[in-house]
Amino acid sequence: MESITPILEFKKTCVSYTKQTMAVKYVSAAIEKNTITAIMGPSGCGKSTLLRAVNLMHNLYSNIRVEGEILLNSENILSMEPMDVRRKVGMVFQRPTPFPTMSIYDNVLAGFALNGIKLSKAEKDATVERCLKSVALWDEVKDVLNKKGTFLSGGQQQRLCIARALAMKPDVLLMDEPTSALDPIATKHIEELLLELQKEVTILIVTHNMGQAMRISSKSMFMYLGELVEYGDTATMFSNPIDERTMAYLTGKMG
Amino acid sequence: MNDKIYRVILFIAALIVPIVCGGVIYALVTDAYDAFEYFGFFKFLSSSEWNYSEGAEQYGALPFITGTLMTTLLALIFCIPFSLPVALFVGEYFKGKRVAAILSTVVDLLAGIPSIIYGLWGFYTLRPLIMALNISPQGSGILTASLVLAIMIIPYASSLSAEFIKMVPNDLKEGAYSLGATRAEVVQKVVFPVAGAGIFSSYVLAIGRALGETMTVTMLIGNTNNIPDSITSTGNSMASIIANQFGEADGLRLSSLIAIGLILFLITAGINMVGKIMIKRARIV
Amino acid sequence: MIKKRLAKDKIIFWSICILAILTAVPLLAILGEVFFRGYDQLTWSFFTEPTPTAYKAMKAIEAGEPIPGGIANGIIGTILMLGMAAVVAIPMGILCGAFLAENSKNRFAQTVSYLTDLLQGTPSVIIGIITYVWVVVPMKGYSAIAGSVALCIMMMPLIIRSTEETLKILPASLKEAGLALGGNRARVMMKVQLPAAFGGIFTGVLLAISRVIGETAPLMFTALGCSLIRWSIDKPMSAVPLLIWEFFNDPNLQDLIWGASLFLLLFVLVLNITAKYIAKKWNQ
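Everything quoted here is computed from the prediction, not taken from an experiment. (Residues numbered from 1 in each chain as written. Chains lettered and ligands numbered in written order. Predicted model: local features only at pLDDT ≥ 70, side-chain atom pairs only at ≥ 80, totals over all residues. Heavy atoms only, no water.)

Caption draft 1: Main features of the overall build of chain A. Within chain A, the regular secondary structure consists of 11 helices and 10 strands. In terms of C-alpha radius of gyration, chain A reaches 18 Å, essentially the compact-globule figure of 18 Å for 255 residues. Each of the 255 residues in chain A was classed as buried or not, and the buried ones make up 54%. Across chain A, the fraction of contacts at a sequence separation of at least 24, relative to all contacts at a separation of at least 6, is 67%. (Helix = DSSP H or I, 4+ residues; strand = E, 2+ residues; numbered from the N terminus. Rg over C-alpha atoms; globule rule 2.2 N^0.38 Å. Buried < 20%, exposed > 50% of the residue type's maximum accessible area, 1.4 Å probe, protein only. Contact = heavy atoms within 4.5 Å.)

Caption draft 2: Summary view of the packing of aromatic side chains. Residue and element names in this part refer to chain C. Counting across every chain of the model gives 29 aromatic pairs over all chains. With 5.4 Å between their ring centres and 80° between their planes, Phe35 and Phe36 make a pair best called edge-to-face. For the pair Phe99 and Phe108, a centre-to-centre distance of 5.7 Å together with 75° between the ring planes defines the contact as edge-to-face. Taking relative accessible area as the criterion, Phe99 reaches 5% and is therefore assigned buried. (Phe/Tyr/Trp six-rings, centres within 6.5 Å; stacked < 30°, edge-to-face > 60°.)

Caption draft 3: Fine view of a nonpolar patch on the surface. Residues and elements named next belong to chain C. Taken together, Trp14, Ile18, Leu22 and Val25 make up a surface patch of nonpolar side chains, about 400 Å² in accessible area. A total of 3 residues in the nonpolar patch trace back to one element, the largest contributor, which is helix α1 (residues 2-22). Relative to the helices and strands, Trp14 resides in helix α1. (Patch = residues over 30% accessible without salt bridge, like charges linked within 9 Å, V, L, I, M, F, W, Y side chains within 5 Å. Areas by Shrake-Rupley, 256 points an atom, 1.4 Å probe, with all protein chains shown as cover. Salt bridge = Lys/Arg side-chain N within 4 Å of Asp/Glu carboxyl O.)

Caption draft 4: The packing of helix α5 (residues 72-102) of chain C against helix α8 (residues 144-169) of chain C, seen in detail. Residue and element names in this part refer to chain C. Between α5 and α8, the least distance of the axes is 6 Å, while the angle of their chain directions is 30°. Put simply, α5 runs roughly parallel to α8. The two elements α5 and α8 cross, and the hand of that crossing is right-handed. Across the contact of α5 with α8, the residue classes tally to 23 nonpolar, 5 polar and 3 charged. (Axes fitted to C-alpha atoms, helices over the stretch in contact; angles between N-to-C directions. Parallel < 35°, antiparallel > 145°, perpendicular 65-115°, else oblique. Left-handed = near helix turned anticlockwise from the far one by under 90°. Nonpolar A, V, L, I, M, F, W, Y, C, P; charged D, E, K, R; others polar.)

Caption draft 5: How the structure looks around the pattern of salt bridges. Enumeration according to the criterion identifies 25 salt bridges over all chains in this entry. The shortest N-O distance in the salt bridge between B:Asp108 and C:Lys276 comes to 3.1 Å. Of this pair, B:Asp108 sits in helix α4 (residues 98-112) while C:Lys276 sits in helix α13 (residues 257-283), which puts the two residues in different chains. Judged by its relative accessible area of 36%, C:Lys276 falls in the partly exposed class. Among the ionic pairs, B:Arg253 bridges to B:Glu248, the shortest N-O distance being 2.9 Å. Residue classification places B:Arg253 among the buried positions, given a relative accessible area of 8%.

This is a description of form; function is not addressed.
Rendered as structure tokens:
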């Protein structure tokens, strides 16, 4: 039986803000295709920093250095053109970020506009419908596609942002606490959506919420002080953590 | 368009600012050089002669430096009793209320009136008033110019002061109230000490405005080229002598006027720099 | 003791209110004077006819008639010179502001930022001098081009500042979200950041126009003024504030002062209020 090549692999990945302090220390982990992996840990443990490294967001700030390797389909993204990487790796932020000057319709297509890709009217309509349907937003907004994205509720805005990321057909979708700004009902919708979406895309989700990790993820990472302490099946980790720091976190004795 | 071209375009656009500034300084220095060379730099600054009759040409900047400093200082003195209450009204007593918004709009509109219209108003309304009150026989002069200048700089001083007054933390004020202080005492003992550096810096920037104000002063100061001996006498500021004589000047006189322009530029640049640095410091505190 | 303190508190409160409200008096006084002395001059011909010569005006005064003519030459000159200045100053200012917002930590950008302040604080009469040296002397004559260069130099720092500040207060997540979709910086700036900052930048442009439209000193040594309606930009040209200055100095033309001032004042105030309104709307 042939071994499955992971879609995304961290190899001794380090992120440092200044010379002395490392926010992420020698993280190595392989992520399988079409899974949801939750990254947990107390505030400041480097989980968001690790996630943002995959989308080369750190390239925007000259003082941040990323070392080691991050392989996407066996290719090291750190030596790739940032724009090519970002097209293959979508990202959804903590707070919904619909572009305020664009309509709902244009927001979904923003990725194409920003990459200078021209689509025919028919392609555009089809993409908008497909993406909004896949985030279960189509029925709610199909009559108001020309309204600004900012008119939607928080949960709807976040789904719009997911649709916008999906429109680019990414291999990997990064989510940085995507439900932390949402109410419980909107959160539930997003979680259901993610479980649906893992058929299409590999998801890496940073979450503060252990319940959420348990509900949606098949694999979990626990990070502490920049180190990857434990990585494995979510069910196993929650029922039987190996490291005592993981245990302390999961039982609420830590941050 | 790739990132590199984009960066290069932005960089080129940004280059225009240093180019213009360099050009300003270069043009002023090279064209003022003749006057400084002919009279000597310090002699030019300290001489009070301004004589352009042919053969007896003699130029010195002292009357105009004095005129500028007098009008600016007087304008500042006249402005404070109004700009400070405006700042307290907007930033403390009626903070966030509708009246405060209305007053600050009205005061901001004062900043929008073109200076030539201030000059007209000063000439046709204030000047007759000053003559009628027997303050000065000709009506125009340092005092008249300063009064109008004071009105012009109120918005600059008050809007920035109000910003700093607004930033005084509530818990500090509450601390003083809880000890039984009245509002006036809180303003005096808490608001002024905390916002003081910021308020001061806003007046420094207002001075920077007043120094270079041209048309209003030109229309009201009386246009005489001697050192003013009292606040009611006539004179000329650095900006007004340039406005008055630049069009008809050439040769040494033109160079002398540009030299006055250079001095004015250096003084305003210095004052503005001090003001900006003080604002930055005040913001951090 | 307490009574005395409370009395003092009251006195201070009321003096602050009175002094603050007194500050509004000059605005009303100026508006009132300009309006009442100028409104009956604003006839149709005032806007369509050029300034009369001193001789014509004198004749009319002797005959007891109102002065003929108007300020059409000034209005056209103002529009033309301001337009030329804006065409250069707006794009350059926006690009430079974008540069400052994108590179705020870079040493060169900090220098540029400081120099922008320096330029903004430079007295307008000095802008007039250097434009004279740069443009009028090499071109061997006063011209509308020189006038518009002076106005352009005055507008640019205001536009740079408002662009920079508006871009800086946009949430960083907006830019990151754009880049996360694979857009390059130029496209994210053009399609996401600048549209989102439009309100603030537009306000800055309006304020810049309202600031320079009333400028007289820098035009005196550059555009000079001209009593004809003229379209050639390499010749001297008039502007509304320049005309006011001329009317002020010419005893025969004094009757035209207030109409011209009222027109200029209304224009500036409308621009200012519009800018404030847009800024407020955009902030919500």
